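# Notes for the structure review
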Amino acid sequence: MLSAEQLRELEAAVGAASLILDERRVAFAADELKVPYLPHAVVEARSVADIQALLRWANRHKVPVTPRGAGTGLSGGALAVRGGVVLSMARFNRILEIDPVNRWAVVEPGVINFQLQEAAAPHGLFYPPDPASWESSSLGGNVAEDAGGPRCVKYGVTRAYVLQLEAVLPSGEVITCGPRTRKGVAGYSLRDLLIGSEGTLAVITRMVLRLQPKPARTLTLLALLPDSASACALAATINREGLTPSALEFMDEAAVELVRGDLPMALPEGCRSLLLLEADGGRAEAEELAERLGHLCGEAGALDVWMAEGGEKAARLWEVRRRLSHTTRERFAQKLSEDIAVPLDRLQECLEACRRLGQAKGVHVLAYGHLGDGNLHVNVLSREEGEASLARMWQVVEEIFRLAVDFGGTITAEHGVGCWKQPYIGIELSPQSEQLQMNIKRLFDPNNILNPAKIFSWPQIEEFDA
Ligand code: 2HG
Ligand code: ZN
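Residues numbered from 1 in each chain as written. Chains lettered and ligands numbered in written order. Predicted model: local features only at pLDDT ≥ 70, side-chain atom pairs only at ≥ 80, totals over all residues. Heavy atoms only, no water.

### Here's the deal with the overall build of the chain
Secondary structure summary: the chain contains 14 helices and 19 strands in total. Relative to the globule expectation of 23 Å for 466 residues, the C-alpha radius of gyration of the chain, 23 Å, shows essentially globular dimensions. Principal-axis analysis of the C-alpha atoms places the extent of the chain at approximately 70 × 55 × 40 Å. The 466 residues of the chain split such that 55% are buried. Long-range pairs, those at least 24 residues apart, make up 72% of the contacts in the chain with a sequence separation of at least 6. A total accessible area of about 19,200 Å² is found for the chain, and carbon and sulfur atoms account for 51% of it. Computed over 48 positive and 60 negative side-chain charges, the inter-centroid distance for the chain is 3 Å. (Helix = DSSP H or I, 4+ residues; strand = E, 2+ residues; numbered from the N terminus. Rg over C-alpha atoms; globule rule 2.2 N^0.38 Å. Buried < 20%, exposed > 50% of the residue type's maximum accessible area, 1.4 Å probe, protein only. Contact = heavy atoms within 4.5 Å. Areas by Shrake-Rupley, 256 points an atom, 1.4 Å probe, with all protein chains shown as cover. Lys, Arg positive; Asp, Glu negative; His and termini not counted. Charge placed at Lys NZ, Arg CZ, Asp CG, Glu CD.)

Following this line, the structure appears as structure tokens:
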């Protein structure tokens, strides 16, 4: 609980209009996984000064502060697991500048990814990182998690598009990290430290993001494949042949079964796995790439390859793919969704091992994701409610993490560690690496007030002692 005196001070610091203490806090309690942690208070910051005042107050009283974007995260990064204050950045929602000469956008962190796409388009520009949730996730959240997305197979993840960050440190001081230029090597890159730090080191208040010239055309291909083994082999061949599609999205047999009825075309009986590809670039370049990709799909045993330039069917295909995360959640009683990545030559082996792990524990395993990045969304699903099946699902997840790391991969390629993968961080990080990173956190945040109990193996997670 926060005392009456603490609340009076907090109200004086941030203003009554920005402070939420009633039932409206519920809207800030959960993320996409819908497991709520009700914060004691919510501050909807309206200015950098509000954030500075909040963090100074929090340091005085040792109260946790959890920054929150649009709440679409999948790892619990924005959950107030130790209570305290949720700092909502939703009102920091302005696009301040689009500069076609420098090819950058200056934005506040609460801007939704898709809003930037729409604002950049009239300038002939686009912002490549495109998480499946781009219509609802905020750019601040994308930077905090170093989000990926389908286009990242060609263009790279969020990190590659951050030029400069303005942020408030837990002490309340404001820093600017990184120059606005594309090059810059003065000192350690604090900007890179903040990207992907999941709101544990500082509160980002302004971002200068790189934009790219919009390709003249984009062609969409759908390869109807007999099984996921041929999809994995095809991803490897595409790489070996030196081709770079701007999307290489995969659905395994179980995922195809789930969405078969939602697709804009009927799939032949023998089609049990799908690859959704895109070829972009100059007019002739995109066409040539699409033809070469189509040819490789045929050689890999595709029953058919469907191709289009824009249009309703392509839009519908992408909608089905972008909604898959929700579709799985809607159609199963319980879902744990992971985002491991493994080297491309281990994909099929990894997939088969994940399925065996699921079978051994009697839970469903379904996979889809960004195959060209080796990034599989292995979903561990159950049709049963209840703690017993959930416990079995977590056991499978833990084994999947071990497998990914044994294969030279990672436990999280794009969603972050947050609180849900926190117990498993030691599977990937060595004790030395984890210790060094916790020391960095302590340097930024000696009182551990900013998004505590996340990522690393901190001692006992408890509500703060007010
Ligand atoms: C996607 O690519 C997202 O659809 C979500 O990263 C993945 O929930 C999931 O499994
Ligand atoms: Zn994804």
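Still more to cover.
### Observations concerning the pairing of strand E16 (residues 334–337)
Covered by surrounding structure in E16 are Gln 334 and Leu 336 together with Lys 335 and Ser 337, the residues of both alternating faces. Summarising the sheet, E16 and strand E19 (residues 375–382) pair through four bridges and their orientation is antiparallel. Directly across from Ser 337, in E19, lies its bridge partner Asn 379. (Pairing = 2+ DSSP bridges.)

### Focus on the site of ligand 1
Neighbouring residues of ligand 1: Leu 74, Ala 132, Arg 321, Ser 325, Lys 335, Ser 337, Tyr 368, His 370, His 377, Asn 379, Glu 414 and His 415. Contact between ligand 1 and Lys 335: an oxygen atom at 3.3 Å from a side-chain N or O atom of the residue. Glu 414 places a side-chain nitrogen or oxygen 3.1 Å from an oxygen atom of ligand 1. Contact with the protein chains covers 95% of the free accessible surface of ligand 1, which is 290 Å². Counting residues per element, the ones that place at least two in the shell around ligand 1 are helix H10 (311–331), E16, strand E18 (364–370) and E19. (Near = heavy atom within 4 Å. Polar contact = N/O pair within 3.5 Å; in protein donor to acceptor, adjacent residues only side chain to side chain.)

### Topic: the coordination of the zinc ion (ligand 2)
Summarising the metal site, the zinc ion (ligand 2) is bound by the protein donors His 370 (NE2), His 377 (NE2) and Glu 414 (OE), whose distances to it range over 1.9 to 2.2 Å. Positions of the donor residues of the zinc ion (ligand 2) along the chain correspond to the pattern H-x6-H-x36-E. With His 370 in strand E18 and Glu 414 in the loop between helix H12 (387–406) and helix H13 (425–428), the pair connects residues that are 44 residues apart, well separated along the chain. The class for His 370 is buried, based on a relative accessible area of 4%. (Donors = N, O, S within 2.8 Å, 3.2 Å for Na, K, Ca; no water.)

### Section: helix H3 (residues 113–120)
When we look at burial in H3, the residues that qualify are Asn 113, Leu 116, Gln 117 and Ala 120. Along the long axis of H3, the arc covered by the buried residues comes to 105°, so they all point the same way. Summarising the contacts, the buried residues of H3 are in contact with strand E5 (95–99), strand E6 (104–107), strand E7 (125–126), helix H4 (139–145) and strand E10 (203–210). (Arc of directions from axis to C-beta.)

### Some thoughts on the domain arrangement of the chain
Each assigned domain of the chain is listed here: domain 1 (4–88), domain 2 (95–213), domain 3 (217–322) and domain 4 (326–419). On a C-alpha basis, the centroid separation for the pair domain 2 and domain 4 is 29 Å. Contacts between domain 2 and domain 4 engage nine residues on the former and eight residues on the latter. Interface area for domain 2 against domain 4, summed over the two sides, is near 540 Å², with a carbon-plus-sulfur share of 41%. Counting across the interface, domain 2 meets domain 4 through zero salt bridges. Applying the counting criterion to the domain 2 and domain 4 interface returns three residue pairs in polar contact (both at pLDDT 80 or more). A class-by-class count of the residues in the side of domain 2 that touches domain 4 yields four nonpolar, two polar and three charged. (Domains from an automatic or database assignment. Buried area = accessible area lost by both parts, 1.4 Å probe. Salt bridge = Lys/Arg side-chain N within 4 Å of Asp/Glu carboxyl O. Nonpolar A, V, L, I, M, F, W, Y, C, P; charged D, E, K, R; others polar.)

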